[in-house]
Amino acid sequence: MDWIDAIMLPAVMIAWLFLSYDAVNRLCVRFGWKMRGGGGMIIWIAVGFSGGAYLMHLFNAL
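How each quantity is defined
- Residues numbered from 1 in each chain as written.
- Predicted model: local features only at pLDDT ≥ 70, side-chain atom pairs only at ≥ 80, totals over all residues.
- Heavy atoms only, no water.
- Helix = DSSP H or I, 4+ residues; strand = E, 2+ residues; numbered from the N terminus.
- Rg over C-alpha atoms; globule rule 2.2 N^0.38 Å.
- Buried < 20%, exposed > 50% of the residue type's maximum accessible area, 1.4 Å probe, protein only.
- Areas by Shrake-Rupley, 256 points an atom, 1.4 Å probe, with all protein chains shown as cover.
- Expected span 1.5 Å × (residues − 1).
- Arc of directions from axis to C-beta.
- Contact = heavy atoms within 4.5 Å.
- Patch = residues over 30% accessible without salt bridge, like charges linked within 9 Å, V, L, I, M, F, W, Y side chains within 5 Å.
- Salt bridge = Lys/Arg side-chain N within 4 Å of Asp/Glu carboxyl O.
- Core = buried A, V, L, I, M, F, W, Y, C linked by side-chain atoms within 4.5 Å.

Enquirer: What is the right way to read the overall build of the chain from this model?
Expert: Per the secondary structure count, the chain includes two helices and zero strands. Compactness check: the chain gives a C-alpha radius of gyration of 14 Å against a globular reference of 11 Å for 62 residues, more than 25% above the reference. Within the chain, buried positions represent 21% of all 62 residues. Here the chain has roughly 4600 Å² of accessible surface; of this, 72% comes from carbon and sulfur atoms.

This is the structure we're talking about:
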């Protein structure tokens, strides 16, 4: 991993989490689920971690 990848990786992962939060929130609104304290948070955490792991794999950080 290059130094620029090491600087960009946390920013990319944070952006991924916020994008996935918006997408999961829209899904929860569509189905009438609760986002906070419900299944939406579980989905958001799973999507965030899997997306972060995928990005780390792309940068050969894992």
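Okay, back to it.
Enquirer: Sorry if this is basic, but what is going on with helix 2 (residues 39-58) here?
Expert: In an α-helix there are 3.6 residues to a turn, and that puts residues three or four apart on one side. In this model, helix 2 (20 residues) spans 29 Å end to end at C-alpha, consistent with the 28 Å of a helix rising 1.5 Å per residue. Every buried residue of helix 2 is listed here: Gly40, Met41, Trp44, Gly48, Gly51, Gly52 and Leu55. Buried residues along helix 2 cover an arc of 105° about the axis, so they all sit on one side. Turned more than 90 degrees away from the buried face of helix 2, the exposed residues are Ile42, Phe49, Tyr54 and His57. Tucked inside the fold, the buried residues of helix 2 contact helix 1 (3-31). Trailing helix 2 by a residue or two, Asn60 shows a phi angle of about 55°, which is positive.

Enquirer: Quick question: what am I supposed to make of a nonpolar patch on the surface here?
Expert: A cluster of nonpolar side chains, Trp3, Ile4, Ile7 and Met8, forms an exposed patch at the surface whose accessible area comes to about 440 Å². Tracing the backbone shows Ile7 in helix 1. You can call Ile7 exposed: its relative accessible area is 54%.

Enquirer: Explain the nonpolar core here, please?
Expert: Note that soluble globular proteins tend to have their nonpolar side chains buried in a common cluster. The biggest cluster of nonpolar side chains holds five residues, and these are Val24, Cys28, Met35, Met41 and Trp44. Those residues in contact with Met41, other than ones at most four positions away along the chain, are Met35 and Arg36.

Enquirer: How do you make sense of the pattern of salt bridges when you look at a structure like this?
Expert: Pairing between side chains becomes possible if they bear opposite charge and their charged atoms approach one another. For the structure shown, the criterion picks out one salt bridge. As a salt-bridge pair, Asp22 and Arg26 come within 3.4 Å of each other at their nearest N and O atoms. Note that Asp22 and Arg26 are positioned in helix 1 at a spacing of four residues, about one turn of the helix. Looking at Asp22, the relative accessible area reads 39%, which means it is partly exposed.

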